[in-house]
Amino acid sequence: MRQRQHDPPASVAQRRGGCDRTGVLKVLCLFGFVLGYVLTVRTTPGRQLGDASLCGALITNSGVVDAVDAILGVVSVATLLGRRSL
């Protein structure tokens, strides 16, 4: 009787010439980064939007920032205490 040859695993077949999904995702992420950079840094409307957001962040009421900081502090302490009991 002849023994049947087994097909190679899918990962080996992909390495031999198939298109790798992670490679496609990397290219898409790079394309998205470049597109975002071009739209926000290299164009006049993008720079104006960035300047407006910076001005808004600088004149934000410090009370809001203090409240958010206090909430995050409570959440952090609760998380630390919760992990200690494990």
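Since the model is a prediction, treat every value here as computed from it, not as a measurement.

**Some thoughts on the overall build of the protein chain**
Right, on to step 1. If you tally the helices and strands in the protein chain, you get four helices and zero strands.
Right, on to step 2. Going from the N terminus to the C terminus, the protein chain shows its helices and strands as α-α-α-α.
Right, on to step 3. Counting every position in the protein chain, which comprises 86 residues, the buried fraction comes to 1%.

**A closer look at the confidence of the model for the protein chain**
Detailed reading of the predicted coordinates is not advisable wherever pLDDT is low.
Right, on to step 1. For the protein chain, the average pLDDT comes to 76, and 71% of its residues sit at 70 or higher.
Right, on to step 2. By mean pLDDT, helix α1 (residues 10–15) is the weakest element of the protein chain at 54, and helix α2 (residues 21–41) is the strongest at 88.

**So, a nonpolar patch on the surface**
Right, on to step 1. Taken together, the side chains of L30, F33, V34, Y37, V38 and V41 make up a nonpolar region of the molecular surface, amounting to roughly 560 Å² of accessible area.
Right, on to step 2. Along the chain, V34 falls in helix α2.
Right, on to step 3. V34 sits in the partly exposed class, given a relative accessible area of 42%.

The rules behind these values
- Residues numbered from 1 in each chain as written.
- Predicted model: local features only at pLDDT ≥ 70, side-chain atom pairs only at ≥ 80, totals over all residues.
- Heavy atoms only, no water.
- Helix = DSSP H or I, 4+ residues; strand = E, 2+ residues; numbered from the N terminus.
- Buried < 20%, exposed > 50% of the residue type's maximum accessible area, 1.4 Å probe, protein only.
- pLDDT = per-residue confidence, 0-100.
- Patch = residues over 30% accessible without salt bridge, like charges linked within 9 Å, V, L, I, M, F, W, Y side chains within 5 Å.
- Areas by Shrake-Rupley, 256 points an atom, 1.4 Å probe, with all protein chains shown as cover.
- Salt bridge = Lys/Arg side-chain N within 4 Å of Asp/Glu carboxyl O.

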